[in-house]
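Geometric and topological summary
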Amino acid sequence: MSADKNVIKEESMIIQKEMISRNYDAITSKMETGRKMASTFVPGNLNELVRCFDMLNNLPEINAIQAGMRKLTGGYIMEAEKGGHSEDVCTYVKADIGQLGKGNIAPNGKPYPDPDVLLLSYTGCYTFMKWFELLREQYKCPTVMIHVPYQGDGHWTMNMRDYIVKQLKEEVIPTFEKISGVKFDIDRLREMMALSAKAEDDLVWVIETAKHKPSPIDAYFGAVYYVGPIFSAFRGTQEAVDYYKVLKKEIQYRIDNKMGPITPEGEMKEQKYRIVVEGPPNWTNFREFWKMFYDEGAVVVASSYSKVGGTYDMGFRHDPKNPLESLAEYCLGCYTNRNLPTRVEILEKYINDYEADGLLTNSIKSCNSFSAGQLMMMREVEKRTGKPGAFIETDLVDPRYFSAANVKNRLESYFQMIEQKRRGVKSAA
Ligand code: SF4
């Protein structure tokens, strides 16, 4: 471990930081290297397929998160609002669009190059479509949209899967061949899929370690780092596989020594509350937000957000034997593509499997895809599990909507409520 600006950084964090910075260097130097680049979204991303054509994968949501954590998004959002984007629009979109008006600078200080293709795998969030309509106007590059049928009935069918495979074969692959000049090689795709599955196995091992008491990980704030390589540009690479090897070793050490997660404030030693969290985190005040949990001894043992880039803990793996079919299944199974009753079942299962004290919903002001129905979901989970829920409101990358005092108050009363409930159960027994 090394200390940097008073934050403890484990080896896996340093490795990941280097991976991300190498990726940004590859993106910003694409004009010199001649590599082509696709812009695409995290849920439903086809990273292996993009890489199969030697292309780079640029993810606007990840860029917005990076800018949010560096507290740049407030200015970008104002810029987008000046241009007529309403206050209710997803702030990832406004951060991305506003950034274009402010030099479009990547975290390495160099300008983002224009994408060669926009690849939209539509997985349940309508904003994805609107976002790429705006980018298409801006970049005037080819756009491929894969229509992923919504799991309205809570499951997908073979017809749905075949419909996506057809689009991959008839739309996506020919477009990628034309843009990249590289012929599609299914065996190369299979090799990448095998690496994906290996890393996905390891990721599931990592997130399920939260079943231990004490939990050696934080499955919301900490999980943001743990899911990073698989949810961004590294699924299907040896780099991701190597990263998880190091991460597993660190976590195994903590399990063996009955240690808690390593947070920016240090190891979380006392774990008074085990919480499941629904909804994405706030990024502009990420460390402050995490510290509120740390100060109260609250560890997050499961979260829905750590499944947005793939629901691997429900058994899905990319499959080298059926590469295109498994890419289709992956898109179908994305969290944003699942209906509300299924999301309730997932959260209920987390409360039970991880022996959690309750469900905390972080309702994101500008993310309709997550926020719609959250209150109903929370009430339903409370009813089914008998565990108390609580509701807080923040935003993704708009600093105007993170009110530290309000969030802290709500959290403190929630933890008191859990205490009271525990006392009630004890005295009744
Ligand atoms: S899922 Fe939410 S955060 Fe993501 S694009 Fe849709 S509205 Fe924005």
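Residues numbered from 1 in each chain as written. Predicted model: local features only at pLDDT ≥ 70, side-chain atom pairs only at ≥ 80, totals over all residues. Heavy atoms only, no water.

**What about the layout of surface pockets?**
As a reminder, the rule being used: Cavities and pockets were defined on a 1 Å grid built from protein atoms only: a cavity is a group of points that admits a 1.4 Å probe but offers it no way out, a pocket is an open group of points flanked by protein on both sides within 12 Å along at least five of seven lines, and a lining residue is one with an atom within 4 Å of any such point. Grid points are joined across faces, edges and corners, and a volume is the space filled by probe spheres set on the points. Helix and strand assignments come from DSSP, with helices taken as H or I runs of at least 4 residues and strands as E runs of at least 2, each series counted from the N terminus. How far each domain reaches was decided by an automatic or database domain assignment.
Reported here for the second largest pocket is a volume of approximately 360 Å³. Along the wall of the second largest pocket there are 20 residues; nearest its centre are Cys125, Tyr126, Thr127, Lys130 and Asn368. Looking at the lining of the second largest pocket, the elements with two or more residues in it are α7 (126–139), α15 (340–353) and α16 (368–371). Per element, the largest residue contribution to the lining of the second largest pocket is five residues, and it comes from α7. Each of two domains, domain 1 (29–184) and domain 2 (189–428), supplies a minimum of three residues to the lining of the second largest pocket.

**Focus: empty space enclosed by the protein**
Our working definition: The nonpolar class holds Ala, Val, Leu, Ile, Met, Phe, Trp, Tyr, Cys and Pro. Asp, Glu, Lys and Arg form the charged class, and all remaining residues, Gly among them, are polar.
Counted by the stated rule, this structure contains two cavities of 30 Å³ or more. Estimates place the volume of the largest cavity at around 110 Å³. Forming the walls of the largest cavity are 14 residues, and the residues nearest its centre are Ser39, Asn58, Asn63, Asp96 and Tyr139. Of all the secondary structure elements, the ones that give two or more residues to the lining of the largest cavity are β3 (37–40), α4 (60–69), α6 (91–100) and α7. If one sorts the elements of the lining of the largest cavity by residue count, α6 sits on top with three residues. Classifying every residue of the lining of the largest cavity by side-chain character gives eight nonpolar, five polar and one charged. Its volume calculated, the second largest cavity comes out at about 40 Å³. Every residue lining the second largest cavity is listed: Ile207, Ala219, Val301, Ala302, Ser306, Lys307, Tyr350 and Tyr354. Split into classes, the residues belonging to the lining of the second largest cavity amount to six nonpolar, one polar and one charged.

**Structural notes on the site of the ligand**
Cut-off, in case you're wondering: Any residue with a heavy atom positioned within 4 Å of a molecule or strand is treated as near that molecule or strand.
Around the ligand, the neighbouring residues are Cys90, Tyr92, Cys125, Thr127, Phe128, Cys367, Ser369 and Leu396. A breakdown of the residues in the shell around the ligand according to their chemical character gives six nonpolar, two polar and no charged.

**Section: the packing of α15 against helix α17 (residues 374–385)**
Which entries qualify depends on this criterion: Axis angles are defined between N-to-C directions and span 0 to 180 degrees, where every axis is a line fitted to C-alpha atoms and, for a helix, only to the segment in contact. Note on terminology: angles under 35 degrees are roughly parallel, angles over 145 are roughly antiparallel, angles of 65 to 115 are roughly perpendicular, and the others are oblique. Take the far helix as the reference: if the near one is turned anticlockwise from it by less than a right angle, the crossing is left-handed, and if turned clockwise, right-handed. What makes two residues a contact is simply this: any of their non-hydrogen atoms within 4.5 Å.
It is at 9 Å that the axes of α15 and α17 come closest, and there the two elements cross at 45°. Judged on the interaxial angle alone, α17 and α15 are oblique. Between α15 and α17 the crossing geometry is right-handed. Contacts between α15 and α17 pair Leu340, Arg343, Val344, Glu345, Leu347, Glu348, Ile351 and Asn352 from the former with Met376, Met377, Glu380, Val381, Arg384 and Thr385 from the latter. Split by residue class, the contact of α15 with α17 holds seven nonpolar, two polar and five charged.

**Regarding the domain arrangement of the chain**
For the record, the criterion: As a working definition, buried area equals the accessible area (1.4 Å probe) given up by two parts on being put together, with both sides summed.
Looking at the chain, the domain boundaries give domain 1 (29–184) and domain 2 (189–428). Spacing between the C-alpha centres of domain 1 and domain 2 amounts to 24 Å. The interface is formed by 50 residues belonging to domain 1 together with 44 residues belonging to domain 2. Taken over both partners, the interface formed by domain 1 and domain 2 buries close to 3,900 Å², and the fraction arising from carbon and sulfur atoms is 61%.

**A look at the sheet that holds strand β11 (residues 358–364)**
Formally: What makes two strands pair is DSSP finding at least two bridges between them.
In spatial order, the strands read β10-β9-β11-β12; together these four strands make up an open sheet with parallel pairing. Either end of the sheet is taken by a strand with one partner, and the two such strands are β10 (298–303) and β12 (389–394). When strand polarity is set aside, the average angle formed by the axes of neighbouring strands in this sheet is 35°. In the sheet, β11 pairs with β12 via six bridges, with the strands oriented parallel. Following the sheet pairing, Thr361 is matched in β12 by Phe391. Packed on one face of the sheet, helix α13 (residues 286–296) meets β9 (273–278), β10, β11 and β12 and runs near 120° to β10.

**Here we look at the packing of aromatic side chains**
For any pair of aromatic rings, the description consists of the separation of the ring centres together with the inter-plane angle of the planes. Operational definition: Any pair of Phe, Tyr and Trp rings, taking the six-membered ring for Trp, is counted once the centres come within 6.5 Å. Such a pair is stacked with planes under 30 degrees apart, edge-to-face with planes over 60 apart, and tilted for the rest. To sit over a ring, a charge needs its Lys NZ or Arg CZ within 6 Å of the ring centre and within 35 degrees of the ring normal.
Applying the stated criterion to the full structure yields 25 aromatic pairs. On the numbers, 4.7 Å between centres and 45° between planes, the contact of Phe41 with Trp131 is tilted. Residue Phe41 is located in the loop between β3 and α3 (47–52), and its partner Trp131 is located in helix α7; the two are separated by 90 residues in the primary sequence. Across from the ring centre of Tyr401, 4.6 Å away, lies the NZ or CZ of Lys365, which sits over that ring.

**With respect to the pattern of salt bridges**
The line we're drawing: Salt bridges, as used here, are contacts in which a Lys or Arg side-chain nitrogen is within 4 Å of a carboxyl oxygen on Asp or Glu. Only protein chains enter the calculation, and the probe is 1.4 Å; a residue is then buried if its accessible area is under 20% of its type maximum, exposed if over 50%, and partly exposed in between.
One pass over the full model with this rule turns up 32 salt bridges. Here Glu355 and Lys213 are joined by a salt bridge, their closest N and O atoms 3.0 Å apart. Pair noted here: Glu355 is in the loop between α15 and β11 and Lys213 is in the loop between α9 (186–208) and α10 (223–226), with a separation of 142 residues, a long-range link. Between Asp295 and Lys291 there is a salt bridge, with its nearest N and O atoms 3.0 Å apart. A residue pair is termed a helical-turn pair when its members lie 3 or 4 positions apart in one helix, as Asp295 and Lys291 do in helix α13 at four residues. For Asp295, a relative accessible area of 43% gives the class partly exposed. Lys291 sits in the partly exposed class, given a relative accessible area of 35%. Sharing partners across several salt bridges, the network here consists of Glu81, Lys94, Asp398 and Arg400.

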